[in-house]
Amino acid sequence: MVQRLVVHAGFHKTGTTTLQNTLATHRDLLRPHAHVILRADMKGLCEAARAYSKTRTDFDLGLVAYEAALLAEGWDSDTVLMSSEDLSGHMPGRHDLTDYSAAIALAATMTDTWRAACPDIEITWVYTTRAAAPWLASCHVQHLRAARMTLDADAYADAFAGSADLEGIAVWVRGRVVGADVRTLPLEAHRNNLLDPVLALGGLSENLRMHVTPLPPANTSPSNDTIAEMLALNRSDMPQSKWRAAQNALNRRSN
């Protein structure tokens, strides 16, 4: 029976890819002590959470509960570690979303579902956060890469300043969930090893955590020149298929 569940649910552009890559790399080391679940292991739940963030319908929230219950049937360890920013929905800026407010109902629904499946489970929600200015800049680049964003960095920061209160969303989650702890981890304070405090919350020993080697930062922002090229492409009248090919080439060059 699962006794402890740690859910790292975002937010986007707060070191999540690096944390997840490190978890994936050390999955075999961690397997005797914790069941690691990443996005590829819970596609149904992640897609349901993203859908709810767009629609905010009871139907889609019900699908989140269904997928969460289905996932719990496959837990095979006393400790489960989950990580995907999709569990908080889409990044602000996608599908006309202006903030992470969907994360509140998502966390509450999943918590209720998992406590119903495992009444004695200890649940901790973890949200990695980041200072507003660098977070907005990083989100802007992500949108340039993926969604044909045409705002420049300053205009994006002005338009989406309200989305950058990541600590505030975590406070709202803390006030809404019942029977779960909610923690935040600022990227600036844990940049060298963002995963270690997550593992500690999962009850993994310091001796074991010493053998988990942090990986270098992943999915980092490209140079200013490359960002300018991306923006110019997005503002062009290039057909979508050619635009995607050109953006992919820029992404490969900048990685």
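Remember, predicted model here, so these are calculated numbers, not experimental data.

Re the pattern of salt bridges
One pass over the structure, following the stated rule, counts nine salt bridges. Across the salt bridge formed by Arg183 and Asp181, the nearest N and O atoms sit 2.6 Å from each other. Classification of Asp181 as partly exposed rests on a relative accessible area of 30%.

Some remarks on the pairing of strand β1 (residues 4–8)
Judged by how many residues are buried, β1 sits mostly within the fold: four of five residues are covered. Note that β1 and strand β3 (residues 79–83) share five bridges and pair parallel. Counterpart to Arg4 in the pairing with β3 is Thr79.

Considerations on the nonpolar core
If you look at the biggest cluster of nonpolar residues, it comprises 58 residues, and the most contacted ones within it are Leu45, Trp75, Met82, Trp114 and Trp125. At nine residues, helix α5 (residues 102–117) tops the list of elements feeding residues into this core. Filtering out sequence-adjacent residues up to four positions away, Trp114 remains in contact with Leu5, Val7, Leu45, Ala68, Leu71, Ala72, Trp75, Met82, Ile121, Ile123 and Trp125. Ala34, Leu81, Leu208 and Val212 belong to the second largest nonpolar core, which has 19 residues in total.

Remarks on helix α3 (residues 43–55)
Spanning 13 residues, α3 covers 18 Å between terminal C-alpha atoms, matching the ideal 18 Å at 1.5 Å per step. Those residues of α3 not exposed but buried are Leu45, Cys46, Ala48, Ala49, Tyr52 and Ser53. What you see down the axis of α3 is that its buried residues fit within an arc of 165°, all on one side. Close packing links the buried residues of α3 with α4 (58–72), β3 and α5. Residue Arg56 follows α3 closely and has a positive phi angle near 55°.

What about α5?
With 16 residues, α5 should reach 22 Å at 1.5 Å per residue; the first-to-last C-alpha distance of 23 Å fits that figure. Most of α5 is tucked away: 12 of the 16 residues are buried. Along α5, the residues that are buried comprise Ala102, Ala103, Ile104, Ala105, Leu106, Ala107, Ala108, Thr109, Met110, Thr111, Thr113 and Trp114.

Considerations on the layout of surface pockets
As a volume, the largest pocket reaches approximately 770 Å³. Together, 37 residues line the largest pocket, and Lys13, Gly15, Thr16, Thr17 and Asn219 are the ones closest to its centre. Of all the secondary structure elements, the ones that give two or more residues to the lining of the largest pocket are α1 (16–25) and α6 (132–146). Top contributing element to the lining of the largest pocket by residue count: α1, with six residues. Here the lining of the largest pocket is built from residues that sort into 11 nonpolar, 18 polar and eight charged.

Thoughts on unusual backbone geometry
Excluding glycine, most residues fall at negative phi; most peptide bonds, likewise, are trans. Cis geometry is adopted by the peptide bond preceding Phe11, which originates at Gly10 and carries an omega value of 15°. Within the fold, Phe11 resides in the loop between β1 and α1. Backbone geometry places Lys13, a non-glycine residue, at a positive phi of 60°. Take Lys13: it is sitting in the loop between β1 and α1. In this structure, Asp96 takes a positive phi of about 65° despite not being glycine.

Cut-off values and rules
Residues numbered from 1 in each chain as written. Predicted model: local features only at pLDDT ≥ 70, side-chain atom pairs only at ≥ 80, totals over all residues. Heavy atoms only, no water. Salt bridge = Lys/Arg side-chain N within 4 Å of Asp/Glu carboxyl O. Buried < 20%, exposed > 50% of the residue type's maximum accessible area, 1.4 Å probe, protein only. Helix = DSSP H or I, 4+ residues; strand = E, 2+ residues; numbered from the N terminus. Pairing = 2+ DSSP bridges. Core = buried A, V, L, I, M, F, W, Y, C linked by side-chain atoms within 4.5 Å. Contact = heavy atoms within 4.5 Å. Expected span 1.5 Å × (residues − 1). Arc of directions from axis to C-beta. 1 Å grid on protein atoms, 1.4 Å probe; cavity = no way out; pocket = protein on both sides within 12 Å on 5 of 7 lines; lining within 4 Å. Points joined across faces, edges and corners; volume = space filled by probe spheres on them. Nonpolar A, V, L, I, M, F, W, Y, C, P; charged D, E, K, R; others polar.

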